[in-house]
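One letter stands for each residue in the lines below.
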Number of protein chains: 2
Amino acid sequence: MILTVTLNTALDLTYRVPGLTPHASHRVTEVTERPGGKGINVARVLSALGHEVTVTGFAGGATGRAVRDGLTGLPRLVDALLPVTGATRRTIAVVDEHTGDTTQLNEPGPLITPAEWNAFQEAYEDLLAGGVSAVALCGSLPPGVPVGAYAGLVRAARAAAVPVLLDTSGEPLRRAVAARPDLIKPNADELAELTGSHEPLRATRDARRRGARAVVASLGAEGLLAVTAEGRWRAAPPARVRGNPTGAGDSAVAGLLSGLAERLPWPDRLARAVALSAATVLAPVAGEYDQRAYEELLSRVTVTAEADAA
Amino acid sequence: MILTVTLNTALDLTYRVPGLTPHASHRVTEVTERPGGKGINVARVLSALGHEVTVTGFAGGATGRAVRDGLTGLPRLVDALLPVTGATRRTIAVVDEHTGDTTQLNEPGPLITPAEWNAFQEAYEDLLAGGVSAVALCGSLPPGVPVGAYAGLVRAARAAAVPVLLDTSGEPLRRAVAARPDLIKPNADELAELTGSHEPLRATRDARRRGARAVVASLGAEGLLAVTAEGRWRAAPPARVRGNPTGAGDSAVAGLLSGLAERLPWPDRLARAVALSAATVLAPVAGEYDQRAYEELLSRVTVTAEADAA
């Protein structure tokens, strides 16, 4: 079973409006609503790929109930979210039907009490002891959770001999990298924030020196750059894909985790991650992936080994 | 007991953001959440004024549960909302902290099935038969409810000898006016849309010819213009009040209903409506009213009888 952790789960709303004008009143023409937060998005893709997956983190209030209700229909997915007093946040993507552009409004998330955070750490360790093939720690921290939270969760995974992937940013990333996660998946901005370098190869190597055992940097349309103990690769889609990039990074994480859980060689993991990511950009619904496009793309992703000149 | 009907209840959210920029991503710094829809806002004010009040209409989904949870603490207020399959809509007021301006996003509301609409009509007639001093029909119609809905609800109230106030707009208002409601409370735009006239006195008289027994037009900062079988009055606050006008119209409706239920003479009803409306503009929280300001304003509202030159 693969475990994904989403401490700041969300009820993701998408509003379509004929045109967004500040300080005007708008009738929303279409509302869609689904469970969100990076780890939940990753789990949804893993479930669709055929993996057994357990989601944990926090859920509270009416929005938390809506998140849990939205998870019930997903095959092979177990909801191990912990109830909290505060209400799960909403995120609202306001899509302008004229321009196709999106304006994003993100609530901060509920205040997690020290008792709730302690309860989570215990539940997490119990889950790790129950036969987990890989764990992913994903997204931002809600208020009240200490900034070093992911560092502790990385150490607990390593103590339980469970491979751990980390996908976060800012200070929580910086602290957790020092705890030696097996894999981090920053985008170019997150990598530059961590290392101070805007040159991806240099920054990726620096991130490894800071403690990450492997780094897979997502470079947008250029695909992925992977620097690992086993070698260095670049993986790219066969052609530039156009569409909505929402969730593409989460699909890449799901591809990497899926390949890790199946103990695939690195090039196959990277091909899976790039194909899923591109198939997500191509899908009509934000954050979903197009299964046919995924299968078609999988054999056409180019994965190139690079000699390590370092 | 006063009855308020809100067919399109809402969970009203207010987001504060440092500045709203289309097509950017925003962290919401503060979220407030409360039950909404005009009839619920009116009921909240009536409850605060000391009236027994029952709210009915539809509530469904997680948002509907949040609306009902938000009503439980209000004194003297009975929740008689009918459960429906669809989810109660949200409205989002995005307040720009720099400018103080508000951008409004309103979901359309759940699809009401014919069976749900029939169930409502039966429940409404049962409520009318249970000792109602006045009923208010407030706000927009959710999808699925026929455009002539309010006309039928006005006729049912009249058949039960319950005075009925109507506060809606557009075609639902036009149809319901013909069913001879005791009182309508349009603003200047709604009155112009109904009658084709932008001259308030002319438009108000025309609305009475169309069937409304009395018309109280809300003219923003100028206060109220009342044209009734008993006479014609203008009521205005002692000075121009500055603040947030959200909910001021609903507070005016509550004042009119409160005075109607207590069988006050028209000038006293109008003074109450104007004072509540101004005290709502002055209150720091949108849609609440400032009790001290209300009491202070009540004696200072000017109500002027006008000779009917018609």
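For the structure itself, look to the data block above.
Rules behind the numbers
Residues numbered from 1 in each chain as written. Chains lettered and ligands numbered in written order. Predicted model: local features only at pLDDT ≥ 70, side-chain atom pairs only at ≥ 80, totals over all residues. Axes fitted to C-alpha atoms, helices over the stretch in contact; angles between N-to-C directions. Helix = DSSP H or I, 4+ residues; strand = E, 2+ residues; numbered from the N terminus. Parallel < 35°, antiparallel > 145°, perpendicular 65-115°, else oblique. Left-handed = near helix turned anticlockwise from the far one by under 90°. Contact = placed C-beta atoms within 7 Å. Nonpolar A, V, L, I, M, F, W, Y, C, P; charged D, E, K, R; others polar. Pairing = 2+ DSSP bridges. Expected span 1.5 Å × (residues − 1). Buried ≥ 20, exposed ≤ 12 C-beta atoms within 10 Å, placed from the backbone. Arc of directions from axis to C-beta. Core = buried A, V, L, I, M, F, W, Y, C linked by C-beta atoms within 7 Å.

Visitor: Would you explain the packing of helix α8 (residues 248-261) of chain B against helix α9 (residues 266-282) of chain B in this entry?
Guide: Axis angle and axis distance: for two packed helices, these are the angle between their axes and the distance between the axes, and together they describe the pair. Residue and element names in this part refer to chain B. Taken N-terminus to C-terminus, the directions of α8 and α9 make an angle of 150°; their axes are 7 Å apart at the nearest point. In this view, α8 runs roughly antiparallel relative to α9, as classed from their interaxial angle. Here the hand of the crossing between α8 and α9 comes out right-handed. When α8 is examined against α9, the residues A248, S251, A252, A254, G255, L256, S258, G259 and L260 are found in contact with a partner set consisting of D268, R269, R272, A273, L276, S277, T280 and V281. Among the residues making up the contact of α8 with α9, the classes are represented as eight nonpolar, six polar and three charged.

Visitor: Just checking my understanding: could you explain the environment of H51 of chain A for this structure?
Guide: If you trace the backbone, H51 of chain A turns up in the loop between α1 (38-49) and β5 (53-59). If sequence neighbours within four positions are ignored, H51 of chain A has contacts with I2, L46, R76, S258 and A261 of chain A.

Visitor: Looking at this structure, I do not really get the pairing of strand β14 (residues 231-236) of chain B. What am I missing?
Guide: The side chains of a regular strand alternate, first on one face of the sheet and then on the other. Residue and element names in this part refer to chain B. When strand β13 (residues 224-228) meets β14, the two strands line up antiparallel, connected through five bridges. Bridging from a neighbouring strand, A226 pairs with W233 of β14. Adjacent in sequence and paired antiparallel, β13 and β14 are bridged by two residues.

Visitor: Which parts of the structure should I look at to understand α1 of chain A?
Guide: Owing to its 3.6 residues per turn, the α-helix brings residues three or four apart onto one side. Residues and elements named next belong to chain A. For α1, which comprises twelve residues, the first-to-last C-alpha distance of 17 Å matches the rise-based estimate of 16 Å (1.5 Å per residue) to within 8%. Here α1 lies mainly inside the structure; twelve of its twelve residues are buried. Positive backbone phi, at 105°, marks G50, one or two positions downstream of α1.

Visitor: What is the right way to look at the sheet that holds strand β2 (residues 10-17) of chain B in this model?
Guide: Picture the strands of a sheet paired through backbone hydrogen bonds; they go either parallel or antiparallel. Spatially, five strands are ordered β3(A)-β8(B)-β7(B)-β2(B)-β4(B) in an open sheet, and the strand pairing comes out mixed. Taken across any chain shown, the strands that pair with only one partner, and hence form the sheet edges, are β3 (25-27) of chain A together with β4 (30-36) of chain B. The average undirected angle you get between the axes of adjacent strands in this sheet is 15°. Two strands pair when backbone bridges link them, and β3 of chain A and strand β8 (residues 102-106) of chain B are joined in this way by three bridges, in the parallel orientation. Note on β8 of chain B: the bridge partner recorded for H26 of chain A is L105 of chain B. This element, helix α2 (residues 61-71) of chain B, spans β2, β4 and β7 (89-96) of chain B of the sheet and lies at about 80° to β4 of chain B.

Visitor: Would you take a moment to explain helix α5 (residues 170-177) of chain A for this structure?
Guide: All names here are of chain A. Looking only at α5, the buried set comprises P172, L173, A176 and V177. Projected onto a plane normal to the axis of α5, the buried residues spread over an arc of 125° and lie on a single side. Each element contacted by the buried residues of α5 is listed here: α4 (149-159), β10 (164-167), β11 (183-184), α6 (188-195) and α7 (200-209).

Visitor: Before we go on, may I ask you to explain the interface of chain B and chain A in this structure?
Guide: By a widespread convention, an interface's size corresponds to the accessible area lost as its parts come together. On the chain A side, the residues contacting the 25 residues of chain B number 24 residues. Sort the elements by how many residues they give to the side of chain B that touches chain A and β8 of chain B lands first, with five residues. For the side of chain B that touches chain A, the per-class residue count stands at 13 nonpolar, eight polar and four charged.

Visitor: What should I look at first to understand the nonpolar core in this one?
Guide: In summary, soluble globular proteins display a tendency toward joint burial of nonpolar side chains. Of all hydrophobic cores here, the largest spans 200 residues; its most connected members are L224 and L257 of chain A together with L224 and L257 of chain B. Among the elements that take part in this core, α9 of chain B stands out by supplying eleven residues, more than any other. Beyond its immediate sequence surroundings of up to four residues, L257 of chain A is in contact with I2, V42, L46, A134, A136 and L165 of chain A.

Limitation: the analysis is restricted to geometry and does not speak to function.
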